[in-house]
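Fold and contact review
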Amino acid sequence: MISATATEMQNNFGKYLNMVINGNEVVVTKNGREVGRFIPKDSAVSYLTDSLTGILKKNYDLKQEKDASLRGKYEITD
(Lines give C-alpha, C1' and ligand atoms only; values in the text may rest on other atoms or scores of the structure.)
Protein backbone atom coordinates (compact mmCIF):
# COMPACT_ATOMS: atom_id res chain seq x y z
CA MET A 1 0.00 0.00 0.00
CA ILE A 2 1.28 3.43 -0.98
CA SER A 3 0.30 6.68 0.71
CA ALA A 4 0.17 10.09 -0.98
CA THR A 5 -1.10 13.50 0.04
CA ALA A 6 -3.88 15.08 -2.01
CA THR A 7 -1.39 17.62 -3.34
CA GLU A 8 1.09 14.90 -4.39
CA MET A 9 -1.75 13.03 -6.05
CA GLN A 10 -2.87 16.12 -7.94
CA ASN A 11 0.64 17.00 -9.10
CA ASN A 12 1.66 13.44 -10.02
CA PHE A 13 -1.60 11.76 -10.98
CA GLY A 14 -0.08 9.79 -13.86
CA LYS A 15 2.56 8.28 -11.57
CA TYR A 16 -0.05 7.12 -9.04
CA LEU A 17 -2.40 5.92 -11.76
CA ASN A 18 0.36 3.69 -13.11
CA MET A 19 0.90 2.30 -9.61
CA VAL A 20 -2.79 1.35 -9.43
CA ILE A 21 -2.65 -0.14 -12.93
CA ASN A 22 0.25 -2.30 -11.69
CA GLY A 23 -1.89 -3.65 -8.85
CA ASN A 24 -0.97 -1.33 -5.99
CA GLU A 25 -3.37 0.41 -3.64
CA VAL A 26 -2.86 4.15 -3.10
CA VAL A 27 -4.21 5.82 0.04
CA VAL A 28 -4.87 9.55 -0.33
CA THR A 29 -4.46 11.77 2.73
CA LYS A 30 -5.35 15.37 3.42
CA ASN A 31 -4.06 17.12 6.54
CA GLY A 32 -2.77 13.77 7.79
CA ARG A 33 -6.17 12.08 7.56
CA GLU A 34 -7.08 9.30 5.12
CA VAL A 35 -9.74 10.59 2.73
CA GLY A 36 -9.79 8.00 -0.02
CA ARG A 37 -8.22 5.04 -1.75
CA PHE A 38 -7.45 4.20 -5.33
CA ILE A 39 -7.54 0.45 -5.86
CA PRO A 40 -7.37 -1.72 -8.96
CA LYS A 41 -10.75 -2.52 -10.51
CA ASP A 42 -10.38 -6.26 -9.87
CA SER A 43 -9.78 -5.60 -6.17
CA ALA A 44 -12.90 -3.42 -5.93
CA VAL A 45 -15.09 -6.10 -7.49
CA SER A 46 -13.54 -8.75 -5.25
CA TYR A 47 -14.12 -6.64 -2.12
CA LEU A 48 -17.80 -6.06 -2.95
CA THR A 49 -18.35 -9.68 -3.93
CA ASP A 50 -16.74 -10.98 -0.73
CA SER A 51 -18.89 -8.63 1.36
CA LEU A 52 -22.12 -9.72 -0.30
CA THR A 53 -21.22 -13.40 -0.32
CA GLY A 54 -21.26 -13.49 3.47
CA ILE A 55 -24.85 -12.26 3.48
CA LEU A 56 -26.10 -14.29 0.54
CA LYS A 57 -24.66 -17.68 1.54
CA LYS A 58 -26.66 -18.09 4.69
CA ASN A 59 -30.34 -17.95 5.53
CA TYR A 60 -30.55 -14.26 6.25
CA ASP A 61 -33.73 -13.00 7.91
CA LEU A 62 -33.53 -9.21 7.83
CA LYS A 63 -36.42 -8.72 10.27
CA GLN A 64 -34.88 -11.10 12.78
CA GLU A 65 -31.49 -9.42 12.47
CA LYS A 66 -33.02 -5.96 12.95
CA ASP A 67 -34.98 -7.12 16.00
CA ALA A 68 -31.88 -8.67 17.56
CA SER A 69 -29.87 -5.52 16.88
CA LEU A 70 -32.50 -3.26 18.44
CA ARG A 71 -32.85 -5.53 21.48
CA GLY A 72 -29.11 -5.42 22.04
CA LYS A 73 -28.88 -1.69 21.45
CA TYR A 74 -31.67 -0.79 23.84
CA GLU A 75 -31.12 -3.72 26.22
CA ILE A 76 -34.63 -5.09 25.71
CA THR A 77 -35.33 -8.41 27.38
CA ASP A 78 -38.40 -10.61 27.01
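Just so it is clear, the model here is predicted, and its values are computed rather than measured. (Residues numbered from 1 in each chain as written. Predicted model: local features only at pLDDT ≥ 70, side-chain atom pairs only at ≥ 80, totals over all residues. Heavy atoms only, no water.)

Concerning unusual backbone geometry
Using the following cut-off: Put simply, DSSP marks the helices as runs of H or I at least four residues long and the strands as runs of E at least two long, and each gets a number from the N terminus on. Only protein chains enter the area calculation, which uses a 1.4 Å probe; residues under 20% of their type maximum are buried, those over 50% are exposed, and those in between are partly exposed.
Notably, Asn 31 is not glycine yet its phi reads approximately 55 degrees, a positive angle. Note on placement: Asn 31 falls in the loop between strand E2 (26-30) and strand E3 (33-38). The class of Asn 31 is exposed, set by a relative accessible area of 79%.

Some points on the nonpolar core
This is how it is decided: Definition of nonpolar core: a set of buried residues of the types Ala, Val, Leu, Ile, Met, Phe, Trp, Tyr and Cys, connected through side-chain atoms within 4.5 Å. In this analysis, two residues are considered to be in contact whenever any of their non-hydrogen atoms come within 4.5 Å of each other.
With six residues, the main nonpolar core is built from Ala 4, Met 9, Tyr 16, Val 20, Val 26 and Val 28. Elements with a minimum of two residues in this core: helix H2 (13-21) and E2. Contacts of Val 28, omitting those with residues within four sequence positions, involve Ala 4, Thr 5, Ala 6, Met 9, Arg 33, Glu 34, Val 35, Gly 36 and Phe 38.

Structural notes on the pairing of E3
Each regular strand carries side chains that alternate between the two faces of the sheet. Filter applied, for reference: If DSSP finds at least two bridges between two strands, the strands pair.
Taken together, the five bridges between E2 and E3 define a ladder with antiparallel strand orientation. Note that in E3 the partner of Val 28 across the bridge is Gly 36. Taken together, E2 and the strand that follows it, E3, pair antiparallel across an intervening segment of two residues, in which Asn 31 is found at a positive phi of about 55 degrees.

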